[in-house]
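# Structural features, examined
Listed below, chain by chain, are the residues.
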Amino acid sequence: MEHFLSLADLSADDIQRLLDLAIELKQEWRQGGNRPLLANKTLAMIFQKPSLRTRVSFDMAMLHLGGHALYLSPDEIGLGKRESIADIARVLSRYVDAIMARVFAHAHVVELARAASVPVINGLSDYSHPCQGLADLLTIFETFGRLRGLKLAYVGDGNNVATSLLFGATRMGMDFAIASPAGYHLPGEVMRLGRDFAAASGSRLTETEDPVEAVTAAHIVYTDTWTSMGQEAEAQERLRIFPPYQVNAELIAHARPEVRVMHCLPAHRGQEITDEVADGPHSILFDQAENRLHAQKAILVRLLVHEGT
Ligand code: CP
Ligand code: NVA
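Residues numbered from 1 in each chain as written. Chains lettered and ligands numbered in written order. Predicted model: local features only at pLDDT ≥ 70, side-chain atom pairs only at ≥ 80, totals over all residues. Heavy atoms only, no water.

### Examining the site of ligand 1
This is how the line gets drawn: Being near a molecule or strand, for a residue, comes down to having at least one heavy atom within 4 Å of it. Two N or O atoms form a polar contact when they lie within 3.5 Å of each other; inside protein one atom must be a possible hydrogen donor and the other a possible acceptor, and for residues adjacent in sequence the pair counts only when both atoms belong to side chains. Only the protein chains shown count as covering a residue, and every accessible area follows the Shrake-Rupley method with a 1.4 Å probe. Under this grouping Gly is polar, as are all residues other than the nonpolar Ala, Val, Leu, Ile, Met, Phe, Trp, Tyr, Cys and Pro and the charged Asp, Glu, Lys and Arg.
The environment of ligand 1 is formed by Ser51, Leu52, Arg53, Thr54, Arg102, His129, Gln132, Cys264, Leu265 and Arg292. Take Arg53: an N or O atom from its side chain is 2.8 Å from an oxygen atom of ligand 1. A distance of 2.9 Å is found between a nitrogen atom of ligand 1 and a backbone nitrogen or oxygen belonging to Leu265. Relative to its free-state accessible area of 260 Å², ligand 1 is covered by the protein chains to the extent of 96%. The class makeup of the residues in the shell around ligand 1 is 3 nonpolar, 4 polar and 3 charged.

In structure tokens form, the structure reads like this:
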């Protein structure tokens, strides 16, 4: 693994190895015995957008494993404005051991990776959110004890989070059903890749505009904001279109009785998810949030410790 830009770049074996490592590191952390696997390693964190989970979990991941993380705010870097993206990548590569970037255009994180001589991690782009996707697979595995054969239903906007989930699920043999309103489906290219992965892993990928159809027999119902960062100008229009896609008690009653509900957070309570569901017995929202820490430790160790663990 040279960079961590998209779950589509990883094989099922790569993903499984990352999950195994994340579980091992989580166990060590629980027992209070973090190994200094990243001693003297440094991570630059470029943020073009706000963040709670990504920023804090990467910072803590580096700290727990003996390394150091440096936060670079949108204003101080001026990615592609104050300085070219390639020059930023070349300069940072002389100072730090890895770069994590949260960007608007996915092409920008790809450009960073091309020009950097150190590993680059996608901390969310307009295309995908692979760190979230890996943490979500970890959470599902811990909850159900397996991935293969489960059905994950995503209800809402066909966005970056949905893309990474689709790649992760179809790679790992999980059925993936997505319900989105017309005009907000996942890009055709993402569906094409997902169909290939599903064919290879023996899972099913389905797309519908009917949320009830998607969640029927689902083990997991997942949703995310209707308006992602960078789409604020469309918020009013989206608020008009998306309400039938709210994840509420009535919708999840169509899923399996043991259904678990997931959301990458931040949640817009009363919009894409109700309080009743977010705080109810089916919710695993905060396990997901915690698992960002453990999944990202695995990514960092895999990229920075070449002899493995
Ligand atoms: N889920 C997630 O990436 O959260 P932040 O935007 O707070 O980092
Ligand atoms: N789809 C959301 C995820 C936030 C973590 C966004 O891009 O804003």
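### Some points on unusual backbone geometry
Note the cut-off: Strands are runs of DSSP state E lasting at least two residues, helices are runs of H or I lasting at least four, and both sets are numbered from the N terminus onward. Exposure classes here rest on a 1.4 Å probe applied to the protein chains alone. A residue is buried below 20% of its type maximum, exposed above 50%, and partly exposed in between.
Of note, the amide linkage connecting Leu265 to Pro266 takes the cis form, showing an omega dihedral of 5°. Note that Pro266 resides in the loop between strand 9 (260-263) and helix 12 (275-278). The phi dihedral of Asn40 is positive, around 65°, even though this residue is not glycine. As for its placement among the helices and strands, Asn40 is situated in the loop between helix 1 (12-30) and strand 1 (42-47). The exposure class assigned to Asn40 is exposed, which follows from its relative accessible area of 73%. Positioned with a positive phi, Ala217 is a non-glycine residue whose angle comes to about 65°. Mapped onto the elements, Ala217 comes out in the loop between helix 9 (211-215) and strand 8 (220-223). Overall, the relative accessible area of 34% leaves Ala217 in the partly exposed class.

### As for the pairing of strand 6 (residues 175-179)
To be explicit about the condition: Two strands are said to pair when DSSP picks up at least two bridges between them. When the strands point away from the viewer and the connection leading from the first strand across the helix to the second strand turns clockwise, the crossover is called right-handed.
Counting buried positions along strand 6 yields 4 of 5 residues, so the element is predominantly enclosed. Where strand 5 (residues 151-155) meets strand 6, 5 bridges bridge the pair, whose relative direction is parallel. In the sheet register, Ala153 faces strand 6, and the bridge partner there is Ala177. Handedness of the strand 5-helix 7 (residues 160-171)-strand 6 crossover: right-handed.

### Description of the pattern of salt bridges
Filter applied, for reference: For this analysis, a salt bridge means a side-chain nitrogen from Lys or Arg found within 4 Å of a carboxyl oxygen belonging to Asp or Glu.
A complete count under the given rule lists 13 salt bridges for this structure. For Lys26, the salt bridge identified is with Glu290, shortest N-O distance 3.9 Å. One end of the pair, Lys26, is in helix 1; the other, Glu290, is in helix 13 (residues 285-304), with 264 residues separating them in the sequence. For the salt bridge of Glu189 with Arg192, the shortest nitrogen-to-oxygen distance reads 3.2 Å. Of this pair, Glu189 and Arg192 both sit in helix 8 (residues 188-201), separated by 3 residues, roughly a single helical turn. Linked through salt bridges whose partners overlap, the residues forming this network are Glu24, Glu28 and Arg35.

### Details of the side chain of Ser125
Rules: In what follows, residue pairs with any heavy atoms lying within 4.5 Å of each other are defined as contacts.
One can find Ser125 in the loop between strand 4 (120-122) and helix 6 (130-144). Residue Ser125 is classed as buried on the basis of its relative accessible area of 0%. A distance of 2.8 Å separates polar atoms of two side chains, one belonging to Ser125 and the other to His106. Those residues within four positions of Ser125 in sequence are excluded, and the remaining contacts are Lys49, Val103, Phe104, His106 and Asn160.

Nothing here speaks to function; it is all geometry.
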